[in-house]
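What follows is each chain in one-letter form.
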Amino acid sequence: MISSNQVKFLASSLGFDACGIVRIDGSILEEDMRPFRTWIAQGFHGTMKYLEDFESRAKKFWENFPEAKSLIVVGVNYYSGHGDAAKGRNGKISASPFPRVAVSENQGRVARYAWGKDYHRVIGKRLEELRNELSKLAGRQIRAEICVDTKPLLERSLAQRAGLGFVGKQSQLLSPKFGPWLFLAELVTDLELEPDPPFVGSCGSCRICIDECPTQAIHPEGGIDARRCIAYLTIEHKGEISENLHSAIGDWVFGCDICLQVCPYASKGKETAWEELKSPAGKGTSLDLLKLFKIPSNGSYEKEFGETAISRANRKQLLRNATIVLQNKGGKS
Ligand code: B12
């Protein structure tokens, strides 16, 4: 029988920065689903239709894996370099001590999670290695489903249950060791493993992220209205962006990190050992906006950005974002 400590040792030797275990239990999955249901019912998911059938997909997923016993939740530190901090609504740059590096003229800011290679593939590959090593250790082909965003799992709640940190008001999993700069991923396995105690923590009375969000997307009790979130608007939303939100988008051409940067936990950021996730492996901290308009076709766009998470937005969306950022920059000078 494999112990949880053996799993954690293997995960750490493969480079995972955090690892915890959750025992699969219908009642905890149902408990996590309740706030999710309310969130959808309130329409906070905007046009992310794929979240509407999340619950039925989750039901199918568990029905197809009746022998599932444990969830191995891993965290991957993606913090690298100081990058380009951006100011929030009230002018705060960051609670962290990192210096501000301005994004130059004609450049649009990219959220940190997309600086390097696409994390879905990078982490997915390493989880395959973990699965193989666990099979060797178990002396049988274990069943383990890999999840990096791709399965109907509420990853942040699971990470809190696995003891990796707590869900902050900006709805990010905040790790006491890595702050908000942690990707989450899971192996759902048929291994019987000793679970970890859930992490107990909260933001207390801190509301910096709420006050600093330029579009007021964060609710006073925590949680996001995606329809106002710059990350949603620039990545997930396919149509026009309401004009009254344009100026708040500032110079963000893809994603947004303001509610992460201003969080007191942001200062926990330390250089990742995952070279694939650093700027040189991808497109880096910012994009040349004028160059974007010279990309001749969707095919060339895919060639340019296909290996990075930026390709989650299509060419039309990125050009829409670039137009808004150029207007914002023009307005300021
Ligand atoms: C849809 C989605 C989005 C949407 C909606 C975001 C949202 N807040 O839900 C948009 C496009 C806006 C988005 C943006 C970003 N995302 Co996103 N996203 C997802 C995705 C695919 C699903 C999330 C989901 O189900 N949301 C629905 C809501 C209801 O679920 P939830 O917020 O997790 O809520 C649960 C708990 O958090 C808890 N809860 C909710 N609110 C609160 C508040 C408090 C105070 C407490 C205690 C609990 C609590 O109850 C809920 C039910 O269980 C996940 C991957 C996954 N499968 O989980 C990645 C994921 C959440 N995203 C991630 C990242 C990195 C980002 C960005 C930072 C990217 C960027 N820089 O642009 C931003 C951050 C914006 C933000 N502040 O949330 C990471 C977060 C890692 C982490 N450390 O938390 C994830 C986990 C992907 C990954 N595999 O690493 N994302």
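Residues numbered from 1 in each chain as written. Predicted model: local features only at pLDDT ≥ 70, side-chain atom pairs only at ≥ 80, totals over all residues. Heavy atoms only, no water.

**Student:** Explain the overall build of the chain to me, please; I cannot follow it from the model alone.
**Tutor:** A tally of helices and strands in the chain yields twelve helices and nine strands. If you line up the chain on its principal axes, its C-alpha atoms span 65 × 40 × 40 Å. Considering the chain as a whole, with its 333 residues, one finds that 51% of them fall into the buried category. Counted over contacts in the chain with a minimum sequence separation of 6, partners at least 24 positions apart contribute 77%. Within the structure as shown, the chain displays about 15400 Å² of accessible surface, and the carbon and sulfur contribution to it stands at 52%. Taking the average location of the 45 positive side-chain charges in the chain and that of its 40 negative ones, the two points are 4 Å from each other. (Helix = DSSP H or I, 4+ residues; strand = E, 2+ residues; numbered from the N terminus. Buried < 20%, exposed > 50% of the residue type's maximum accessible area, 1.4 Å probe, protein only. Contact = heavy atoms within 4.5 Å. Areas by Shrake-Rupley, 256 points an atom, 1.4 Å probe, with all protein chains shown as cover. Lys, Arg positive; Asp, Glu negative; His and termini not counted. Charge placed at Lys NZ, Arg CZ, Asp CG, Glu CD.)

**Student:** Can you walk me through the site of the ligand in this structure?
**Tutor:** The local shell around the ligand holds 37 residues, among which Asp-149, Ser-157, Gln-170, Leu-173 and Leu-184 are the closest. Between Leu-182 and the ligand, the recorded distance is 2.9 Å, taken from a backbone N or O atom to a nitrogen atom. Measuring from a nitrogen atom of the ligand, one finds a backbone N or O atom of Cys-256 at 2.9 Å. Taken together, the elements giving at least two residues each to the shell around the ligand come down to helix H2 (26–41), helix H5 (155–161), strand S7 (182–189), helix H7 (230–236) and helix H9 (258–261). Shared between two domains, the shell around the ligand takes at least three residues from each, and those domains are domain 1 (4–78 + 118–189) and domain 2 (107–116 + 204–332). (Near = heavy atom within 4 Å. Polar contact = N/O pair within 3.5 Å; in protein donor to acceptor, adjacent residues only side chain to side chain. Domains from an automatic or database assignment.)

**Student:** Whenever I open this one, helix H3 (residues 54–63) confuses me. Can you help?
**Tutor:** Given 3.6 residues per turn, any residue in an α-helix points the same way as the ones three and four places further on. Of all the residues in H3, the buried ones are Phe-54, Ala-58, Phe-61 and Trp-62. Across the axial projection of H3, the buried residues extend over an arc of 90°, all falling on one side. Of the residues in H3, the exposed ones pointing more than 90 degrees away from the buried face are Lys-59 and Lys-60. In this structure, the buried residues of H3 make contact with H2, strand S2 (70–77), strand S4 (144–147) and S7. (Arc of directions from axis to C-beta.)

**Student:** Even after reading the chapter, I still don't get the packing of aromatic side chains, so can you show me in this structure?
**Tutor:** The geometry of two aromatic rings is summed up by the distance between their centres and the angle between their planes. All told, the structure shown has 13 aromatic pairs when counted by the stated rule. Centre to centre, the rings of Phe-16 and Trp-274 are 5.5 Å apart; their planes meet at 55°, and the pair counts as tilted. One end of the pair, Phe-16, is in the loop between helix H1 (4–13) and strand S1 (18–23); the other, Trp-274, is in the loop between H9 and strand S9 (286–288), and 258 residues separate them in sequence. The pair formed by Phe-16 and Trp-274 is uniform in burial state, with each residue classed as buried. Their ring planes at 40° and their centres at 4.6 Å tell us that Phe-36 and Phe-54 sit as a pair that is tilted. Note that Phe-36 is positioned in helix H2 and Phe-54 in helix H3, a separation of 18 residues in sequence. Residue classification places Phe-36 among the buried residues on the basis of a relative accessible area of 12%. Since its relative accessible area comes to 6%, Phe-54 is described here as buried. (Phe/Tyr/Trp six-rings, centres within 6.5 Å; stacked < 30°, edge-to-face > 60°.)

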